[in-house]
Structure formats: structure tokens, C-alpha cells
Amino acid sequence: MISAGAKRRGVPELPETETIARDLDRAIRGARITAVTVPRADVLRAATARVFQRALTGATITTVTRRAKSVVVQLGRDHHLVVTPRFTGALLIGAPLAAPDAYDAIRFALADGRQLRYRDVRRLGTVTLLGGATYAAWSEGLGPEPLDPALTAAQFVAIVQGSRRAVKTILMDQRRLAGIGNIYATEALWHARIAPARAGASLSAAAIIRVFSALRTILPAAIAARGTTFRDYQDAHGGRGGYAEQLQAYGRAGFPCPRCATLLATDHTLEGRRSVYCPRCQR
């Protein structure tokens with residue numbers, strides 16, 4: 001059971017954006033954009049609506065991938081469309097709607113008659129068109145991906161032990177580790193039996209490896225469940241993620257810990273973000 005407060009939260013993280021990217025790569029790889037409409041230009045970064053429309057009209061979608069919490073649509077060799085949905089953003093593919101959706105920020109007409117829409121109720125997400133070198137610089141400014149086979153346990157230990165900040169804050173710092181937010185940091189620390197406020201530098205290598213192992217178990221499971229939906233997150237076809245029922249700590253403040261039955265506690269001391277943890281078995 002998820003507490004009512006959690007239903008108002010949930011920013012798309014690695015599993016959610018990975019699900020969207022995989023859906024879109026299957027659906028629109030090779031599609032050609034024939035027209036671009038920008039009803040809400042305030043979501044755009046690094047380009048005006050006119051420049052954005054001119055650059056994308058006629059472009060062919062090469063691939064759709066993910067980096068950190070963003071969906072990356074590659075257009076030809078040297079253009080990358082980086083979409084970061086944040087709280088209420090969604091990339092949706094399908095037939096054009098009979099009546100325009102008032103929350104559509106951008107619409108891409110495709111040559112096969114379908115439409116790709118970036119819909120964002122609160123318009124806190126961003127859509128950025130980057131050239132090859134600019135995209136590389138942006139990506140290089142992010143930390144490694146937690147599921148990248150090239151990231152070793154020893155490297156992960158160095159990332160965490162290299163800071164005196166709270167371990168949960170370290171996990172959510174996109175410059176140190178890409179793609180992890182409040183949901184999956186909370187879950188990984190619960191599984192690893194580590195309190196969110198523990199300083200990274202204070203943790204043993206063995207404890208940090210437990211976090212690493214937890215992430216590499218939880219994230220693929222969440223991707224398999226197509227992410228976590230509380231209210232706003234949708235996949236590329238408008239579907240909901242199913243991982244919420246597998247959450248052990250996030251959103252369960254006041255409920256018994258699934259491991260020891262102690263009531264899960266919550267606080268807002270870590271950068272104002274809600275942290276849920278077990279005061280008995282997370283040390």
C-alpha cells in the first residue's frame with residue numbers, strides 16, 4: 001500500500017525513461033518528421049520555436065535512447081533531441097487526436113500519419129536540441145549509468161566513499177551517478193539496510209557493494225514492470241508502470257517495514273526531499 005502523499009510525487013527516473021525510450025525506438029526508428037508544431041514554447045531550451053521547427057522538419061529519427069533521466073532522440077548524425085519529462089511530462093506516439101490536447105507542448109507529425117506529442121501539464125520538463133559536440137559535452141557532465149557493465153563495484157565504492165554528503169544525496173547526484181532519483185535511491189538503501197543520512201565516506205566497501213547489488217536488482221525489475229506510476233507517469237503508449245506494488249519503502253511511511261515490522265519513518269532533512277526508511281534495520 002502506498003501512502004497518499006506519495007501519489008502526488010514521482011519524477012520519471014531511469015526505469016521510466018528507459019521504458020519510454022525503448023517503446024519509441026521500436027515505434028519511430030526510421031520515421032521522418034514532416035511538420036513540427038510548438039503550442040507551448042516555454043519547454044524549449046537552446047532554441048527558439050522557429051529555429052526548432054526549421055531544424056526538425058524533414059529530419060529522420062535514427063534512434064531513441066536514454067541518458068540519465070532523459071529520453072534522447074537522435075536525428076541524423078548531428079542532432080540530438082533531449083527530452084527530460086520531470087514531474088508531468090510524457091512522450092506519446094499514436095494517431096493524431098480528434099481535438100488538440102491543451103497540455104501538448106510540442107507535436108511532431110510523422111510521414112506515416114502518426115503523431116509524436118510531448119505533453120506536459122505543469123511544463124516543468126524540458127526539450128533541448130543539441131548538436132553533436134554539445135550533446136557529448138552534456139553527456140560527459142553526467143555520472144556513469146548504474147547498469148552499464150563497464151561500471152565496476154570498485155568504481156561504485158569510490159564514487160560513494162569520495163564524498164561526505166549523505167549517501168542518498170550521492171546516489172541522486174546526476175554528476176556522480178546518472179538516472180537515480182528519490183524512488184530508487186530509497187528502495188536501494190532499504191534493501192542494503194543503510195540509513196539515507198549516513199555519510200558516504202563513513203560506509204564500508206561491503207556496505208556500498210550492497211547498495212550496488214540492490215540497484216542492479218531493483219532497476220532491471222522496475223524496467224521489466226515498465227516503471228513506477230503514482231499519478232502522472234505514462235509510457236509512450238499512454239500506459240501505466242506496474243512497479244509500485246513491488247516498492248518496499250518509498251511511499252510507505254507509517255506502514256510496517258516488510259523486513260522487521262517496525263513502522264517506517266520519514267523526514268525531509270536531505271535537501272528538502274522526503275526520505276522513507278526503517279529506523280531499526282537501516283543503520
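Our subject is the structure that appears above.
Residues numbered from 1 in each chain as written. Predicted model: local features only at pLDDT ≥ 70, side-chain atom pairs only at ≥ 80, totals over all residues. Heavy atoms only, no water.

## Points about the overall build of the protein
Then step 1. Helices and strands together make up the secondary structure of the protein, namely seven helices and eleven strands.
Then step 2. The C-alpha radius of gyration of the protein comes to 20 Å, within 12% of the 19 Å expected for a compact globule of 283 residues.
Then step 3. With respect to the three principal axes, the spread of C-alpha positions in the protein is 60 × 40 × 30 Å.
Then step 4. With 283 residues in all, the protein has 53% of them scored as buried.
Then step 5. With the model as given, the accessible surface of the protein reaches about 12300 Å², and the carbon-plus-sulfur share is 52%.
Then step 6. Side-chain charges of the protein comprise 40 positive and 21 negative groups, with the mean position of each set lying 5 Å from the other. (Helix = DSSP H or I, 4+ residues; strand = E, 2+ residues; numbered from the N terminus. Rg over C-alpha atoms; globule rule 2.2 N^0.38 Å. Buried < 20%, exposed > 50% of the residue type's maximum accessible area, 1.4 Å probe, protein only. Areas by Shrake-Rupley, 256 points an atom, 1.4 Å probe, with all protein chains shown as cover. Lys, Arg positive; Asp, Glu negative; His and termini not counted. Charge placed at Lys NZ, Arg CZ, Asp CG, Glu CD.)

## Overview of the sheet that holds strand E4 (residues 70-75)
Then step 1. Strands sit in the order E2-E9-E5-E4-E3 across an open sheet of five strands; the sheet is mixed. Of all strands in the sheet, those bounded by a partner on one side alone are strand E2 (44-45) and strand E3 (61-67).
Then step 2. As paired elements, E4 and strand E5 (residues 79-84) share five bridges and run antiparallel to each other. Note that in E5 the partner of glutamine 74 across the bridge is histidine 80.
Then step 3. Here helix H1 (residues 14-28) sits on the sheet and contacts E3 and E4; the angle it forms with E3, its principal contact strand, is near 170°.
Then step 4. Together, E2, E4, E5 and strand E9 (126-131) form the strand contacts of helix H2 (residues 49-56), whose direction differs from that of E9 by roughly 60°. (Pairing = 2+ DSSP bridges. Contact = heavy atoms within 4.5 Å. Axes fitted to C-alpha atoms, helices over the stretch in contact; angles between N-to-C directions.)

## Quick notes on unusual backbone geometry
Then step 1. Despite not being glycine, alanine 46 has its phi angle at roughly 70°, a positive value.
Then step 2. You can see alanine 46 is positioned in the loop between E2 and H2.
Then step 3. With a relative accessible area of 68%, alanine 46 lands in the exposed category.
Then step 4. In this structure, arginine 86 is a non-glycine residue whose phi angle is positive, near 50°.
Then step 5. By the secondary structure assignment, arginine 86 is in the loop between E5 and strand E6 (89-94).
Then step 6. Owing to a relative accessible area of 35%, arginine 86 belongs among the partly exposed residues under this scheme.

## Notes on the packing of aromatic side chains
Then step 1. Scanning all chains against the criterion turns up five aromatic pairs.
Then step 2. Relative to phenylalanine 212, the ring of phenylalanine 156 lies with its centre 5.0 Å away and its plane at 35°, an arrangement referred to as tilted. Of the two residues, phenylalanine 156 is situated in helix H4 (residues 153-161) and phenylalanine 212 in helix H7 (residues 205-224); the sequence distance between them amounts to 56 residues.
Then step 3. Judged by centre distance (6.2 Å) and plane angle (40°), the ring pair of tyrosine 184 and tyrosine 243 falls under tilted. (Phe/Tyr/Trp six-rings, centres within 6.5 Å; stacked < 30°, edge-to-face > 60°.)

## Re the sheet that holds strand E1 (residues 33-37)
Then step 1. One open sheet holds the four strands; their spatial order is E1-E7-E8-E6, and the pairing between them is antiparallel. Two strands in the sheet have a free side with no partner beyond their single neighbour: E1 and E6. On average, adjacent strands in this sheet sit at an angle of 15° to one another, irrespective of strand direction.
Then step 2. Across the sheet, H1 touches E6, strand E7 (104-110) and strand E8 (115-120), and the angle it forms with E6 is around 25°.

## What to know about the environment of isoleucine 194
Then step 1. Mapped onto the fold, isoleucine 194 is located in the loop between helix H6 (182-192) and H7.
Then step 2. Residue class for isoleucine 194 comes out buried when judged on its relative accessible area of 1%.

## Brief notes about the pattern of salt bridges
Then step 1. Within the structure shown, the criterion is met by 18 salt bridges.
Then step 2. Of the charged contacts, one joins aspartate 25 and arginine 29 as a salt bridge, the two residues approaching to 2.8 Å between their closest N and O atoms.
Then step 3. Given a relative accessible area of 17%, aspartate 25 falls into the buried group.
Then step 4. The salt bridge partner of arginine 176 is aspartate 173, with a shortest N-O separation of 4.0 Å.
Then step 5. Here the residues in one salt-bridge network are Glu18, Arg22, Arg66, Arg67 and Glu145, joined through shared partners. (Salt bridge = Lys/Arg side-chain N within 4 Å of Asp/Glu carboxyl O.)

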